[in-house]
Amino acid sequence: MATTTAKLHLIKSDRHLFSASDDSAVIKQIVATHSPDGRDVDTRPLMHLIEDILRRATPTVVVTPQAQPELVEEKVNRTEITCKCSGGVDSHTTTFAVFNSLSHYTWDAKVVLALAAFAVSYGEFWLTAQLHTVNPLAKSVALLKQSPDILEHTAALKPRFDALNNLTKAMLDVAKCIIQFKELPSEYISPDTPDMMLALAHIPTAVYWTIRSVVACSSQIVGLIGLGHENISSATEVWELASLAHKVSNIFGHLTKELELCYRHIGEKKHIEAYQMLVKLFESVHFDNLKILRSLIHSKDDLPLVEGSTKRRVSVDVLRRKIVVLLISDLDIIHEELLTLIQIYSHTNRMKEERQYEIVWLPMTDRHVPWSAAKEEAFNRLASAMPWYSLNHPSLMEPAVVRYIREVWQFDKKPILVVLDGQGKVVCPNALHMVWIWGRLAFPFTSNREEALWKDETWRLELLVDEIDPAVLTWVSEGRHVCLYGGENIGWIRQFTAAMRRVSQEARVPVEMVYVGKSNPRDRVKKAMAVIAEEKLSGYWNDPVKVWFFWVRLESMWHSKMQLGRTIDNDPIMKEVMTMLSFDGSDEGWALLSRGSQEMVEAYGGRMVDCLGQFDNWKSDVEAEGLVPALRKALEPFHTAEHCTRLILPGDSVGIKEQVVCAECGRPMDKFVLYRCCND
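Residues numbered from 1 in each chain as written. Predicted model: local features only at pLDDT ≥ 70, side-chain atom pairs only at ≥ 80, totals over all residues. Heavy atoms only, no water.

1. Focus on the overall build of the protein
The condition is simple: Secondary structure counts use DSSP, requiring at least four H or I residues in a row for a helix and at least two E residues in a row for a strand, with both numbered from the N terminus. Between buried and exposed lies partly exposed: a residue is buried under 20% and exposed over 50% of the maximum accessible area for its type, with that area taken using a 1.4 Å probe on protein chains only. Contacts are residue-level and defined by heavy atoms, with any inter-residue pair within 4.5 Å sufficient.
Broken down by element type, the protein carries 26 helices and 12 strands. Among the 680 residues that make up the protein, the fraction classed as buried is 49%. Sequence-distant contacts, at least 24 apart, represent 74% of the contacts inside the protein between residues at least 6 apart.

2. Some points on the packing of helix 11 (residues 235-283) against helix 15 (residues 399-407)
Stated precisely, the cut-off is as follows: What counts as an axis is a line fitted to C-alpha atoms, over the stretch in contact for a helix, and the angles between N-to-C directions run from 0 to 180 degrees. Should an angle lie under 35 degrees it is considered roughly parallel, over 145 roughly antiparallel, and from 65 to 115 roughly perpendicular; all remaining angles are considered oblique. For a crossing to be left-handed, the near helix must be turned anticlockwise from the far one by less than a right angle; the clockwise case is right-handed. Here the nonpolar group is Ala, Val, Leu, Ile, Met, Phe, Trp, Tyr, Cys and Pro; Asp, Glu, Lys and Arg are the charged ones; every other residue, Gly included, is treated as polar.
Following both chains from N to C, one finds helix 11 and helix 15 inclined at 55°, their axes separated by 8 Å at the closest point. As the angle between them shows, helix 11 and helix 15 are arranged oblique. Two packed elements cross with a definite hand, and for helix 11 against helix 15 that hand is right-handed. Where helix 11 abuts helix 15, its residues H271, A274, Y275, L278, V279 and F282 lie against P399, A400, V401, R403, Y404 and E407. Counted by class, the contact of helix 11 with helix 15 contains 9 nonpolar, 1 polar and 2 charged residues.

3. Looking at helix 3 (residues 43-56)
Selection rule: Here, expected helix span is obtained from the residue count minus one, scaled by 1.5 Å. Note: the arc covers the axis-to-C-beta directions of the helix.
With 14 residues, helix 3 extends 20 Å between its outermost C-alpha atoms, agreeing within 8% with the 20 Å of an ideal straight helix rising 1.5 Å per residue. Those residues of helix 3 not exposed but buried are T43, L46, M47, I50 and L54. Around the axis of helix 3, the buried residues are gathered within 100° of arc, so they sit on the same side.

4. Section: helix 22 (residues 544-563)
As a reminder, the rule being used: Any pair of nitrogen or oxygen atoms within 3.5 Å is treated as a polar contact; in protein, a donor-acceptor pairing is required on top of that, and neighbouring residues in sequence qualify only through side-chain atoms on both sides.
With 20 residues, helix 22 should reach 28 Å at 1.5 Å per residue; the first-to-last C-alpha distance of 28 Å fits that figure. Within helix 22, 17 of the 20 residues are buried, leaving the element largely enclosed by the surrounding structure. Measuring from the backbone nitrogen of V545 back to the side-chain oxygen at the start of helix 22 gives 3.0 Å, which picks out D543 as the cap. Directly beyond the C-terminal end of helix 22, a positive phi value near 80° is found at G565.

5. With respect to unusual backbone geometry
Residues F443 and P444 are joined by a peptide bond in cis, for which omega reads 10°. Tracing the backbone shows P444 in the loop between helix 16 (432-438) and helix 17 (447-455). One non-glycine residue with positive phi stands out, namely D466, at about 55°. The residue D466 is located in the loop between helix 18 (461-465) and helix 19 (470-477) in this model.

6. Focus: empty space enclosed by the protein
For clarity, the threshold we go by: Cavities and pockets were defined on a 1 Å grid built over protein atoms only: a cavity is a set of grid points that admits a 1.4 Å probe from which the probe cannot escape, a pocket is an open set flanked by protein on both sides within 12 Å along at least five of seven lines, and lining residues are those with an atom within 4 Å of any such point. Grid points are joined across faces, edges and corners, and a volume is the space filled by probe spheres set on the points.
A complete count under the given rule lists 2 cavities of 30 Å³ or more for this structure. Taken as a whole, the largest cavity holds about 80 Å³ of empty space. V325, L341, I344, Y345, Y357, I359, L417, V419, A431, V435 and F445 are the residues that line the largest cavity. Only helix 13 (335-350), strand 4 (357-363) and strand 6 (416-420) provide two or more residues apiece to the lining of the largest cavity. Top contributing element to the lining of the largest cavity by residue count: helix 13, with 3 residues. Taken together, the residues of the lining of the largest cavity sort by class into 11 nonpolar, no polar and no charged. Estimates place the volume of the second largest cavity at around 30 Å³. Taken together, R39, D40, V41, T43, T106, D108, A109 and K182 make up the full set of residues lining the second largest cavity.

7. Brief notes about the packing of aromatic side chains
The geometry of an aromatic ring pair is captured by two quantities: the separation of the ring centres and the angle between the planes. What counts, and what does not: Stacked, edge-to-face and tilted labels apply to pairs of Phe, Tyr and Trp rings (six-membered ring for Trp) whose centres lie within 6.5 Å, assigned for plane angles under 30 degrees, over 60, and everything in between, in that order. Note on geometry: a ring has a charge over it if NZ (lysine) or CZ (arginine) is within 6 Å of the ring centre and within 35 degrees of the ring normal.
A complete count under the given rule lists 31 aromatic pairs for this structure. With a centroid separation of 5.5 Å and an interplanar angle of 80°, the aromatic rings of F282 and W409 are classed as edge-to-face. One end of the pair, F282, is in helix 11; the other, W409, is in the loop between helix 15 and strand 6, with 127 residues separating them in the sequence. By the burial criterion, F282 is buried, and W409 matches it. Feature note: the residues W541, F550, W551, F583, W590 and Y604 constitute an aromatic cluster, connected by ring pairs. For the cation-ring pair, R39 lies above Y105, with the distance from its terminal atom to the ring centre recorded as 4.9 Å. Stacked on the ring of W454, the Lys or Arg K561 has its end atom at 4.0 Å from the ring centre.

8. Section: the sheet that holds strand 7 (residues 426-428)
As a general point, the strands of a sheet are linked pairwise by backbone hydrogen bonds and lie either parallel or antiparallel. Note the threshold: Any two strands with at least two DSSP bridges between them are considered paired.
Across the sheet, 7 strands lie side by side as 2-1-5-4-3-6-7; this open sheet has mixed pairing. Since the sheet does not close on itself, it has two edges, and those belong to strand 2 (313-314) and strand 7, each with one partner.

9. A few points about the pattern of salt bridges
Put simply, the rule is: Salt bridge criterion: a side-chain nitrogen from Lys or Arg within 4 Å of a carboxyl oxygen from Asp or Glu.
Tallying each qualifying case throughout the model produces 30 salt bridges. Between E183 and R44 there is a salt bridge whose closest N-O contact spans 2.7 Å. Of this pair, E183 sits in the loop between helix 8 (154-182) and helix 9 (194-200) while R44 is found in helix 3, placing the two residues 139 residues apart along the sequence. On the accessibility criterion, E183 (44% relative accessible area) is partly exposed. Accessibility expressed as a relative area gives 26% for R44, which makes it partly exposed. Across the pair R294 and D317 runs a salt bridge whose closest N-O atoms are separated by 2.8 Å. Separated by 23 residues along the polypeptide, R294 in helix 12 (residues 290-296) and D317 in the loop between strand 2 and strand 3 (323-329) bring together distant segments of the chain. In this structure R294 comes out as partly exposed when scored by relative accessible area, which is 38%.

10. Here we look at the pairing of strand 6
Counting buried positions over the 5 residues of strand 6 gives 5, a clear majority of the element. Of the two faces of strand 6, the one holding I416, V418 and L420 and the one holding L417 and V419 are both buried throughout. Of the pairings in the sheet, the one linking strand 3 to strand 6 comprises 5 bridges and is antiparallel in character. Bridge pairing in strand 6 links V324 to L420. Here 2 bridges tie strand 6 to strand 7, and the two strands are oriented antiparallel to one another. Bridge pairing in strand 7 places V419 opposite C428. Counting the residues that bridge the hairpin from strand 6 to strand 7 gives 5 residues, and of these G424 lies at a positive phi of roughly 85°.

11. Let's talk about the environment of V516
Positionally, V516 belongs in the loop between strand 9 (511-515) and helix 21 (523-535). Remark: the alpha-carbon pair of V516 and W551, spanning 35 residues in sequence, is separated by 8.8 Å. With residues near it in sequence (within four places) discarded, V516 still touches L484, Y485, G486, W541, V547, F550, W551 and W590.

Quick look at the structure:
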């Protein structure tokens, strides 16, 4: 609906236009003649004929005779207008007489029938004027009508006919607008709807001034018959036509605004209806998934999808009874996310396995922001890179579907993967987290599958690293010591790597160190990698996608556990994940030391460096217990009650519990809103 301020402005301007003092009494007279008796006139086809006649009847083009069109019965006596126009009667009296003769018709029929009568006279006039030099019959008719040789005086008559054409166009615009009001669907808007009431109150005025303009135009045609060459041009008549055109054009402008309000009201009603139907559809049981998919993927388009490999247009029927994973994102999906998803999706093809699911990209855009060439380019670039199905264009996304995705599936900014089974039932509202954690092993991407995967999982280095770095997995399988560390403080990195190398050498325990950066691998992390490489401080991941994916998987573990209702009190993996994310949220570095699969210890950077610096105090424990247990024991005195733990999560934590407890002390954490722009 339009805003209250906009409506008030429209109402005030309407009052000035439609309720002028010289109009109000006249309109009351006109309304008094209105007594429709239920007879129906199909005004739309009649309007098409009128437009065709007035378009062809132009003063500067001589047309050749065409085949005779099918005649339409005239519903109003056209001589009513022409006779009175030639008899010295004023325009209002003639107009009032026309309304009396049309009293039993609806408002839209009145204006169309009056225009039809004018179109017949106007068409006859121009047929005679254009053909009298080439057709003997037309010449004889022209002589009887005393029609002037119009074509010889085109230049002199041009101002009059320009004004006549402008007024004719304005009359047609208003008539078509009134027909549009008549055709508004009653199931979505009723006469007592405020927007409709406002428009209906102004229709009689619009009809009056249109028919009065018809009378004026007819007067011009009558005036040209028997016109002497000395009176071929009249500035007064041109001014009268121009004034009427201005008035009728203004009426059309205001009716158009009111029609737009009505269309907006209808659109909102349809939107609500479509949304409610979508809700009911997802609550129902279906034989297959086609009804669901057609409701989501623009039912008005027979070929709404583009197939990933061939880029040909296809229908939703190709997805029948398949597990469908809806990738829902905006056009700002980051490169790392898309690249990783493509690698996971394409892995099945490389392994020559039959893929048992299909991905469909549904691009989400803000309809309040104008579509631009840049957006079109961004969409095409993303769609061309995707090996799966994608919607042919974002404009195919219906508003009700967009609302459902935002409100029910809680899409905000970050991509989600909604999984539908072969019957169209949602089996996982967002499988992206389990896909990041387990890749293709998450198939069939249901919440039950997610529960089962976690049931068989423990906190181990393989879970943390997975296939990001095959070398780390090899070291784990060989039982070697592996140290992952992160942060962006170059000074601390130098200090830590030196301390760890000293401990490794003195304990005679080889340690493989790998730098994993931070969750936002920006310039400072890249600079740190450059220093690590140049000074040969340790190993590192030179591919930023690997660094990004390492931290995204940790965030996904947290989201997955939270969605399943897990806490640090009842889930040891949840406690470890929160600890790792807290490390990333701090300004200092951190380190994790592991031997084999499950023997691990981790700490903040400051504590770790201080503890390693006192290696002489716990060196003997290494020989008796091993490096990891000895380090864990040595770190205990460095854990103090004073701490400031920060857990920074991406802004898509819809549905997450309000209370999140600290992984270090178990107390509820304070919640803040952080806005960050990292362009370092």
